[in-house]
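The lines below spell out each chain.
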Amino acid sequence: MRQIAQLPRERKLWILRKYVYGGLPPTDPRILGMTDEQVELEFVHMELDRKAKEGRGEEYSDPDFDEWDREMEEEDSKLSYEYEPAAVQQPTVDVDDWEDVEL
């Protein structure tokens, strides 16, 4: 058992279970079903998050997303309009409309 726990993949899965996923049991299918690529990707994300928290992260820029975001802003601006509610009219009460009803 000790030899299995010392394998690099098992150590990484332990770190993910304990620190990233908040203490999942070792038999959780979300952990057991991870491929080596997914495990490595999680560790890359952990490193990026750590750098960002320390203020040392690189700012990521995606020109395609920026273009898409600009297009969506333009489309949304065409859909918006200024709305002014109509004046609310108070109902008029005609005193002669009342009926006398016996209680």
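Higher on the page you've got the structure.
Note that the structure is predicted; figures quoted are calculated from it, not measured.

## Topic: the overall build of the protein chain
- Within the protein chain one finds five helices and zero strands.
- Across the protein chain, helices and strands are ordered from the amino to the carboxyl terminus as α-α-α-α-α.
- Out of the 103 residues in the protein chain, the part that is buried amounts to 9%.
- For the protein chain, the computed accessible surface area is about 10200 Å², with 53% contributed by carbon and sulfur atoms.

## With respect to the pattern of salt bridges
- Evaluation of the coordinates by the stated rule reveals seven salt bridges.
- Close ionic contact of Glu-54 with Arg-50 constitutes a salt bridge, the shortest N to O distance being 3.2 Å. Here Arg-50 and Glu-54 lie together in helix H4 (residues 36–54), a separation of four residues that amounts to about one turn.
- Residue classification places Glu-54 among the partly exposed positions, given a relative accessible area of 45%.
- With a relative accessible area of 34%, Arg-50 lands in the partly exposed category.

## Some remarks on the side chain of Asp-28
- Looking at where Asp-28 falls in the secondary structure, it is placed in the loop between helix H2 (8–20) and helix H3 (29–32).
- Side-chain polar atoms of Asp-28 contact the backbone nitrogen of Arg-30, separated by 2.8 Å.

## Remarks on the nonpolar core
- If you look at the biggest cluster of nonpolar residues, it comprises seven residues: Leu-13, Leu-16, Leu-24, Ile-31, Met-34, Val-39 and Phe-43.
- For this core, the secondary structure elements donating two or more residues are H2 and H4.
- Apart from the residues within four sequence positions on either side, Val-39 is in contact with Arg-9, Lys-12, Leu-13, Leu-16 and Met-34.

## Points about a negative patch on the surface
- Together, Asp-64, Asp-66, Asp-69, Glu-73 and Asp-76 make up a negatively charged patch on the protein surface.
- By the element assignment, Glu-73 lies in helix H5 (residues 63–79).

## A look at the environment of Lys-12
- Among the secondary structure elements, Lys-12 is positioned in helix H2.
- When sequence neighbours within four positions are dropped, the list of residues in contact with Lys-12 reads Val-39, Glu-40 and Phe-43.
- Here Glu-40 takes part through its side chain, which lies 2.5 Å from a polar atom of the side chain of Lys-12.

## Points about the packing of aromatic side chains
- Here the structure, examined in full by the defined rule, presents one aromatic pair.
- Consider the rings of Phe-65 and Trp-68, whose centres lie 5.6 Å apart with planes at 35°: the pair is tilted. With a gap of three residues between them, Phe-65 and Trp-68 both fall in helix H5, about one helical turn apart.
- A relative accessible area of 45% means that Phe-65 is categorised as partly exposed.
- One residue, Arg-11, lies across the ring of Trp-14, its end atom 5.1 Å from the ring centre.
- Positioned above the aromatic ring of Phe-43, the side-chain terminus of Lys-12 is 5.6 Å from the ring centre.

Reading guide: rules and limits
Residues numbered from 1 in each chain as written. Predicted model: local features only at pLDDT ≥ 70, side-chain atom pairs only at ≥ 80, totals over all residues. Heavy atoms only, no water. Helix = DSSP H or I, 4+ residues; strand = E, 2+ residues; numbered from the N terminus. Buried < 20%, exposed > 50% of the residue type's maximum accessible area, 1.4 Å probe, protein only. Areas by Shrake-Rupley, 256 points an atom, 1.4 Å probe, with all protein chains shown as cover. Salt bridge = Lys/Arg side-chain N within 4 Å of Asp/Glu carboxyl O. Polar contact = N/O pair within 3.5 Å; in protein donor to acceptor, adjacent residues only side chain to side chain. Core = buried A, V, L, I, M, F, W, Y, C linked by side-chain atoms within 4.5 Å. Contact = heavy atoms within 4.5 Å. Patch = residues over 30% accessible without salt bridge, like charges linked within 9 Å, V, L, I, M, F, W, Y side chains within 5 Å. Lys, Arg positive; Asp, Glu negative; His and termini not counted. Charge placed at Lys NZ, Arg CZ, Asp CG, Glu CD. Phe/Tyr/Trp six-rings, centres within 6.5 Å; stacked < 30°, edge-to-face > 60°. Lys NZ or Arg CZ within 6 Å of the ring centre and 35° of its normal.

Purely geometric stuff here, so don't read any function into it on its own.
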